[in-house]
Amino acid sequence: MKLSTLGLSLVLLSACATRPSDEAAAARAEARAFLERYSATYVKLYTASSEAQWASQTHIVEGDTTNAERTQAAEEATAAFTGSVANIETARRLLTRRELLEPIQAKQLEAVLFKAAASPQTQPELVKERIKAETAQVEKLYGFAFRLDGKELSANDIDNGLKSERDLTRRRAIWEASKEVGIGLRPGLVELRRLRNEVVRGLGYRDYFSYMVSEYGMTTEEMAATIEQINRDLRPLYRELHTWARHRLAERYGQPVPEQIPAHWLPNRWGQDWSSLVDVQGFDLDAALAQKSPEWLVQQAERFYTSLGFESLPQVFWERSSLYPLPQGAAWKKNTHASAWHMDLDHDVRSLMSVEPNAEWYETTHHELGHIYYYLSYTNPRVPPLLREGANRAYHEAVGSLMGLAAMQPRFVRSIGLETGDQAADPMQLLLREALNYVVFIPWSTGTMFSFEKELYHGELAPERWNARWWELASRYQGIAPPAPRGEEYCDAATKTHINDDPAGYYDYALSFVLLFQLHQHIATELLHQDPRDTNYYGSREVGKFLQGLLEPGASGDWRVMLREATGSDLSAKAMVEYFQPLLEWLREQNRGRTSTLAEL
């Protein structure tokens, strides 16, 4: 049949109108098939790698290389797949038609390329070298035996000693013992810096630091500006805390007031948490917990989450986690840094801790289970395995820290039946202790750690300057100095776990504190209608519903949009500043007539 001119035109218009949807359907089908194949293989390799790493960190036997070899093999297999040229080329090609794909497909393809950049098989030998070097560094780090006066010390022994010891000579010996591990880690860190930078350059990143920052959708310069603003926002409060602490510590040790705080005077190896400087009368959580078992602390943390409406932890958590210190005389060691693990991107979730019945581990159990419940929340059919991560890396830490903060507030503590004293605690002393944790952490994380790692990778800081630069940064940002000059035979930066095995992302923790106070302010004022400084989340299904809504999407959405929708505001330290405003005014009164010696930024 011959079509009229009008009929022919309508057919052509119809064809033009349907062609894009046909193209989109074909593009989406191809992307779906690729992502299904990729994800199936990735999950298997990820699980094998997780199991190998778990063994490497929970069963370290001096001289036994079995776990290290297994970990290296698993890492190499994962790297060969995620960094394969075929996967890189396919993901890139599919993303050239991004406008035809479903948004969640595009996000998964971006995740494929991000994972590829860590191990591009365009340079396989370099990737193998990096994996081997990282495995060796972790073994050396966690297998190190701290010693004092010829006796072996655990990390808990060191931390407890710096909190309780009053003799300065003894304190210095403990502090210096904690730094010995860095000496042997220096050569490995030199090599790791080279390998990490060279590997990511294979996919066009300037350096490893820039690669890590890119996961936030930011450049190194943009992240630096964000971090610096947070530091500046909290600087007035930190200045007052620093002045107060100099005088408090000088009085405690019977010494002249120093301009810089000697590092061994502080109750933490890196000066990142000073909260134990304050014993709040009427709120002795350590004494209350001393009557409890380590098992009770973990079980109570679980009860908190179930009270909000979350399900009980899966049995695998209790069967396979490593939650408590090793028995005396154990023939192996384990990593003593608390962590949470999503072993298979499904329901095998575990935690590595060394729980003891005290306030620090009480907070830590609630924090680590925050990660665990984040894993379980985004393990749902709406979130594909490649996006089963936090909305950004800081979100994970924010959730853990938020729950830790909530669990430490007096109203909460009373609600679970812990007896912390006969008298009511002074609210200002409670606020001071919180600031000595959260606020003191900011110049450490956004200043010393951020600047050192940025200079290490982005600026390729010369190794012969590492220790000097480390202490220059600690002086500038934290107002802390070593007890005596520390030459380049030391590598004090490497004593921090993250420098070795979780590099170039420590600012996650700083951002998480900012996020935590934004989320906490919203929960306290909008959901609970309580004073943010004394809340009780326990048993609130409304709080649980809010948290589940925040956690369940994982990384399937834009973190900026998620924050705006959850709290009504963009990332800002404003909520954190407001939380501690009464303390700032109190500190200014306490410090009247005293001179601030903290450097201007």
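Just so it is clear, the structure is predicted and the values come from calculations on it, not from any experiment.

Reading the values: the criteria
Residues numbered from 1 in each chain as written. Predicted model: local features only at pLDDT ≥ 70, side-chain atom pairs only at ≥ 80, totals over all residues. Heavy atoms only, no water. Helix = DSSP H or I, 4+ residues; strand = E, 2+ residues; numbered from the N terminus. Rg over C-alpha atoms; globule rule 2.2 N^0.38 Å. Contact = heavy atoms within 4.5 Å. Lys, Arg positive; Asp, Glu negative; His and termini not counted. Charge placed at Lys NZ, Arg CZ, Asp CG, Glu CD. Salt bridge = Lys/Arg side-chain N within 4 Å of Asp/Glu carboxyl O. Buried < 20%, exposed > 50% of the residue type's maximum accessible area, 1.4 Å probe, protein only. Core = buried A, V, L, I, M, F, W, Y, C linked by side-chain atoms within 4.5 Å. Phe/Tyr/Trp six-rings, centres within 6.5 Å; stacked < 30°, edge-to-face > 60°. Lys NZ or Arg CZ within 6 Å of the ring centre and 35° of its normal. Polar contact = N/O pair within 3.5 Å; in protein donor to acceptor, adjacent residues only side chain to side chain. Axes fitted to C-alpha atoms, helices over the stretch in contact; angles between N-to-C directions. Left-handed = near helix turned anticlockwise from the far one by under 90°. Nonpolar A, V, L, I, M, F, W, Y, C, P; charged D, E, K, R; others polar. Pairing = 2+ DSSP bridges. Expected span 1.5 Å × (residues − 1).

Caption draft 1: Quick peek at the overall build of the protein chain. When helices and strands are tallied, the protein chain shows 24 helices and six strands. By the compact-globule yardstick of 25 Å for 601 residues, the protein chain fits well, its C-alpha radius of gyration being 26 Å. The principal-axis extents of the C-alpha atoms in the protein chain amount to approximately 105 × 55 × 50 Å. The long-range fraction of contacts in the protein chain, counting pairs at least 24 apart against all pairs at least 6 apart in sequence, stands at 79%. Computing the positive centroid from 65 side-chain charges and the negative centroid from 81, the protein chain places the two 3 Å apart.

Caption draft 2: Quick look at the pattern of salt bridges. Going through the model one piece at a time under the given rule, you end up with 33 salt bridges. Here Arg393 ties to Glu215 by a salt bridge, and the two come within 2.8 Å at their closest N and O atoms. Remark: Glu215 occurs in the loop between α9 (208–213) and α10 (220–253) and Arg393 occurs in helix α15 (residues 393–408); sequence separation between them is 178 residues. Taking relative accessible area as the criterion, Glu215 reaches 30% and is therefore assigned partly exposed. Note that Arg239 and Glu600 form a salt bridge whose closest N and O atoms lie 3.4 Å from each other. Within this pair, whereas Arg239 is found in helix α10, its partner Glu600 is found in the segment after α24 (581–590), the two being separated by 361 residues in sequence. Three or more residues joined by partner-sharing salt bridges are found here, namely Glu51, Arg320, Asp348 and Arg350.

Caption draft 3: Region of the structure containing the nonpolar core. Residues Leu241, Trp274, Tyr362, Tyr507, Phe580 and Leu583 are the most contacted members of the largest nonpolar core, which totals 178 residues. Residues in contact with Phe580, not counting those within four places in the same chain, are Leu237, Leu431, Glu434, Ala435, Tyr438, Val439 and Phe517. Grouped together as the second largest cluster of nonpolar side chains are eight residues, Val127, Ala133, Leu192 and Leu195 included.

Caption draft 4: Spotlight on the packing of aromatic side chains. Applying the stated rule across the entire model yields 40 aromatic pairs. Pairing Phe310 with Tyr373 gives two aromatic rings, centres 5.3 Å apart and planes at 55 degrees, and the pair type is tilted. With Phe310 in the loop between α12 (294–307) and α13 (315–320) and Tyr373 in helix α14 (residues 359–378), this pair connects stretches of sequence that are 63 residues apart. Neither Phe310 nor Tyr373 differs from the other in exposure class; each is buried. Taken together, the ring pairs in this structure connect Tyr438, Phe441, Trp444, Phe452, Trp470, Tyr506, Tyr509, Phe513, Phe517, Tyr579 and Phe580 into an aromatic cluster. One cation-aromatic arrangement involves Arg350 over Trp54; the distance from NZ or CZ to the ring centre is 5.4 Å. When the ring centre of Tyr579 is taken as origin, the NZ or CZ atom of Arg533, which lies over that ring, is 5.7 Å away.

Caption draft 5: Inspection of the side chain of Ser275 at higher detail. Tracing the backbone shows Ser275 in the loop between β3 (261–262) and α11 (285–290). Of note is the side chain of Ser275, whose polar atom sits 2.8 Å from the side chain of Asp273. Discounting residues that sit within four places of it in the chain, Ser275 has contacts with Arg433, Leu436 and Asn437.

Caption draft 6: Summary view of the packing of helix α3 (residues 85–95) against helix α4 (residues 103–118). At a closest axis distance of 9 Å, the pairing of α3 and α4 adopts a crossing angle of 145 degrees. Judged by the twist between their axes, the crossing of α3 over α4 is left-handed. Of the residues in α4, those touching α3 at Asn87, Ile88, Ala91, Arg92, Leu94 and Leu95 are Ala106, Leu109, Glu110, Val112, Leu113 and Ala116. Split by residue class, the contact of α3 with α4 holds nine nonpolar, one polar and two charged.

Caption draft 7: Structural context of the pairing of strand β5 (residues 349–352). Alternating residues of β5 divide into Val349 and Ser351 and Arg350 and Leu352, and every residue in both groups is buried. Two strands pair when backbone bridges link them, and strand β4 (residues 339–342) and β5 are joined in this way by four bridges, in the antiparallel orientation. In the strand pairing of β5, Ser339 is matched with Leu352.

Caption draft 8: Spatial organisation of the environment of Ala91. Mapping Ala91 onto the fold places it in helix α3. Judged by relative accessible area, which is 0%, Ala91 ranks as buried. Along the backbone, Ala91 and Glu578 are 487 residues apart, and their C-alpha atoms lie at a distance of 45 Å. Ala91 has contacts with Leu109, Val112 and Leu113, leaving out every residue within four places of it along the chain.

Caption draft 9: Spatial organisation of the environment of Pro103. Note that Pro103 resides in helix α4. Classification of Pro103 as exposed rests on a relative accessible area of 67%. Measuring from C-alpha to C-alpha, the distance between Pro103 and Thr90 comes to 17 Å, with 13 residues separating the pair along the chain.

Caption draft 10: Layout of unusual backbone geometry. The backbone of Asp149 sits at a positive phi, close to 55 degrees, despite the residue not being glycine. Position of Asp149 among the secondary structure elements: in the loop between β1 (146–148) and β2 (151–153). Despite not being glycine, Ala504 has its phi angle at roughly 60 degrees, a positive value. Among the secondary structure elements, Ala504 is positioned in the loop between α19 (497–501) and α20 (507–528).

Caption draft 11: Examining α15 more closely. Its 16 residues place the ends of α15 24 Å apart at the C-alpha level, agreeing with the 22 Å of an ideal helix rising 1.5 Å per residue. When you tally the buried positions in α15, you get 16 out of 16 residues, the bulk of the element. Of the residues flanking the start of α15, the one acting as N-cap is Asn392, its side-chain oxygen 2.9 Å from the backbone nitrogen of Ala394.

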